[in-house]
Amino acid sequence: MSDTQTLIENRPPSVASLFLDRVAATPDAEAYRYPVASGAGPDAWTSLTWAEAARRVFAIAAGLIELGVEPEQRVALASSTRVEWILADLGILCAGAATTTVYPQTNADESAFILSDSDSRVLIAEDTAQVAKAQEKRAELPGLTHVVVIDPAGVELAETGDWVLTLADLERRGAAYLEKHPELIKERVAAITEDQLATLIYTSGTTGRPKGVRLPHDNWSYMAKAIASTGLVGPDDVQYLWLPLAHVFGKVLTSGQIEVGHVTAVDGRVDKIIENLPVVRPTYMAAVPRIFEKVYNGVAAKARAGGAAKYKIFQWAADVAREYAKVSQDNFRRTGTAAVPFSLGMKHKAADALVFAKIREAFGGNLRACVSGSAALAPEIGYFFAGAGIHILEGYGLTESSAASFVNPGEAYRTGTVGKPVPGTEVRIADDGEILLRGPGIMQGYHGLPEKTAEVLESDGWFHTGDIGELSPDGYLRITDRKKDLIKTSGGKYIAPAEVEGQFKAVCPYVSNILVHGADRNFCTALIALDEPAILAWAQENGLGGKAYAEVVAAPATVELIDGYVKQLNQGLQRWQTVKKFRLLPRDLDIEHGEITPSLKLKRPVVERAYKDLIDEMYAGAREA
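Model, not experiment: these values are computed from the prediction.

Colleague: Even after reading the chapter, I still don't get the overall build of the protein, so can you show me in this structure?
Modeller: Along the backbone of the protein there are 22 helices and 26 strands. The C-alpha radius of gyration computed for the protein amounts to 25 Å, which stays within 12% of the reference 25 Å derived for 625 residues, consistent with globular compactness. Along the three orthogonal principal directions, the C-alpha set of the protein runs to about 75 × 60 × 55 Å. When each of the 625 residues of the protein is scored for burial, the buried share is 54%. Nonlocal contacts in the protein, meaning residues at least 24 apart in sequence, comprise 67% of its contacts between residues at least 6 apart. Approximately 25,800 Å² of the protein is accessible, and the part contributed by carbon and sulfur atoms is 52%. The average position of the 65 basic charges and that of the 79 acidic charges among the side chains of the protein differ by 6 Å.

Colleague: When you look at the pairing of strand β3 (residues 74-78) in this model, what are you seeing that I'm missing?
Modeller: Moving residue by residue along a regular strand, the side chains alternate between the two faces of the sheet. Burial runs high along β3: five of the five residues are buried. A two-sided burial pattern is seen for β3, the buried positions comprising R74, A76 and A78 on one face and V75 and L77 on the other. Looking at chain direction, β3 and strand β4 (residues 98-102) are connected through five bridges and run parallel. Bridge pairing in β4 places V75 opposite T99. In terms of handedness, the path from β3 via helix α4 (residues 83-94) over to β4 forms a crossover that is right-handed. For β3 and strand β5 (residues 120-125), the ladder comprises five bridges, and the chain directions are parallel. If you follow A76 over to β5, its bridge partner there is L123.

Colleague: Just to check I follow, could you spell out a nonpolar patch on the surface for this structure?
Modeller: A contiguous nonpolar surface patch, about 250 Å² in accessible area, is contributed by I313, W316 and L354. Given the relative accessible area of 43%, L354 is considered partly exposed.

Colleague: In this structure, what is going on with empty space enclosed by the protein? I would like to understand it.
Modeller: Any empty space left between the atoms is revealed when a probe the size of a water molecule rolls over them. Evaluated as defined, the whole model comprises four cavities of 30 Å³ or more. The volume enclosed by the largest cavity comes to roughly 60 Å³. Lining the largest cavity, in full, are A78, V102, S111, L115, L123, Q130, K133 and A134. Ranked by residue count, the leading element in the lining of the largest cavity is helix α6 (residues 128-136), at three residues. Looking at the lining of the largest cavity, its residues break down into five nonpolar, two polar and one charged. In terms of residue class, the lining of the second largest cavity is made up of four nonpolar, five polar and one charged.

Procedures and definitions
Residues numbered from 1 in each chain as written. Predicted model: local features only at pLDDT ≥ 70, side-chain atom pairs only at ≥ 80, totals over all residues. Heavy atoms only, no water. Helix = DSSP H or I, 4+ residues; strand = E, 2+ residues; numbered from the N terminus. Rg over C-alpha atoms; globule rule 2.2 N^0.38 Å. Buried < 20%, exposed > 50% of the residue type's maximum accessible area, 1.4 Å probe, protein only. Contact = heavy atoms within 4.5 Å. Areas by Shrake-Rupley, 256 points an atom, 1.4 Å probe, with all protein chains shown as cover. Lys, Arg positive; Asp, Glu negative; His and termini not counted. Charge placed at Lys NZ, Arg CZ, Asp CG, Glu CD. Pairing = 2+ DSSP bridges. Right-handed = clockwise from strand over helix to strand, strands pointing away. Patch = residues over 30% accessible without salt bridge, like charges linked within 9 Å, V, L, I, M, F, W, Y side chains within 5 Å. Salt bridge = Lys/Arg side-chain N within 4 Å of Asp/Glu carboxyl O. 1 Å grid on protein atoms, 1.4 Å probe; cavity = no way out; pocket = protein on both sides within 12 Å on 5 of 7 lines; lining within 4 Å. Points joined across faces, edges and corners; volume = space filled by probe spheres on them. Nonpolar A, V, L, I, M, F, W, Y, C, P; charged D, E, K, R; others polar.

Shape descriptors only; they carry no functional weight alone.
This is the structure we're talking about:
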C-alpha cells in the first residue's frame, strides 16, 4: 500500500478528531489571522494560535451542548466569511452536531425555508440583519430555540428574552460548563462516527427550492487527507481565505488547513481583496474565475488609460505571456521540462520587467499558486496569468462531492483542464459524455428527498454530476459544459455556451457577465453586462464622462465598441457558434436579483426570464442562418 493510500485509508472518522490532533501537535503555532477594524486607517491584523482557537472552539461546543444541542442536530450558521465562522463551525462539529450553512445574502423567506427544512435548533447569526430575518419568521420556526449573534451592535437583546444571546455570552457559558465537565468535548468527539451528519449545504438552485446536501463527517476527514496528499500545500504556507464559507469550495479549504497546519488569513470582504493582498502576502489562495477576470480587465483598463503606447506594450506582453505559457506547458507535458526557445525567453524577460512583475507584486509578491474552481476559467485568461507567473491550478467538484474532486498537479498543471482526480476518487465518462464520480467525498444524499437522490446517485455509489467532459489518455479532465446547459440550435447543431462566453471574456476587457442564447433558434445571440469601473473609465476618455452606467451602455459609441469585440470573438468560432446579435444590459447581473449565485455562477433561466423582451427583440423577424 502506498503512503498516500495509507494516509487516506487510515483517516479518523471526523475533522473534529483532526482538529484535536492538530491542537495537540502544534498548540503554539499560528492558526488564523484576521482583521480588526482600527478607525479610519487600515485594519490591523491579529492572530490566534491553535491552542487559542481551541479554547474558543471548545467553549462554543460546550455552550451549544448546555443549550441542549444533541449529536447530529442542526445548528445553522448565517454569516459572511470571518474567523468566527470557522470557530463556530468547528464548535458545532466538536459538539457532535451538524452545521447548516446559510449565505448571508439569502432573503428572509428562503432563510426560513432552510432553517425549517433542516430542522435547525440554533442559529448563529452574524449581525442585526441576520437576526432580523429570524425574528421576522419566528412564528414559522417553532424548532428554533435560540439565536446566537456574533456582532450584537444594533440588536435589542433586552427585547428578545433568552431567545437571542451573543457569541461572547455563549462562550462564557460554555467555558463555565467545561469547568464542571472537563472531559465533555473529548467524549463528544470520540463518539462521532464516520457516517454521522456533519454539514447540510443547500444548493442554490435555478428553479424551485434549494436542496440540502447531506455531507457526513467522513467526507471532510477524507477531503482533509486527500488535499494533504496532493503535496500542493505545506505547513509553511499562508492561505488567504475570502471565499464564502457557506459554499462547499470555501468550506473544504478549512478542512485541508487543519490537516496540513498552515496559517490561514480570513477576511470575506471582497472589496478588501486588493488592499489585503500586499498585507497578507499569501503563498496560495483560492478564487472563482470572476476574480481573475476582474483583475485581468482591471490591468487592461489601467494600461489603456495610460495612453496608446502603454496599452500597446500591455497587448504585446499579454501575447507573450500566452505564448510562453502554452509552449512551456506543452514542453513539460512532452519532455518533463518547461524550457522555451531562447528568443521567446528573451521576450518574456522583457515583458516580465515591464508588466508581469507589477502584477505579481499586486498579489502580494509571494504567491506560489492560485486554485480556481466553482466555474470554468477562460483558457486565454488562464494562459495570460500562467505566463505572468501567477499559476492558476483549476480544480473541479460539486457540493455533492465535497468540492475537491479534481485539481491540477503542481508544476504539471494544464490550463484549460481541471487536472486529475484527488487520491481516492474514481471517475468515468458515460456514453453521453456525462462525468460520473465515486469515492469517499460523495454525499449521502439530498435531505428528505430520496427520489431526487435516486436520480443522481446509483446504488453502487456512482454520482451523476450533470457536467459534460472528456478525459485525456493520461487522466486530465476537461469540462465542456453543464449537460442541461448545452444548446441545440434549430439546425441541429450543439453549442456549449460556457465555452463561447469564456472566449468572449478573454477578448473583451469590459465584460462582466455574458449569456449566450440559441436553444431551438437558428442562430445565437448574447446578453452582455459590462464591468462598471472599466466601462466608466473608458467613457470618461470618449466623450461620455459624467454619465450614469445605464446611459453609457445605451450610447451608440459603447455598442460600437462592444460590437468590435463580438466580431473578434466570431473570428475564432465555427459558423453555427457565432453571435449574430447582442444587447447590452442596463445594469450588471447580481446576487440580489437572483441572477447569479453567491459563488458567482450565472443562473441562466433567471436571466433569460428577466430579459425575455430583449431576447425576443433580437429574433423578431430574423431569418439569418
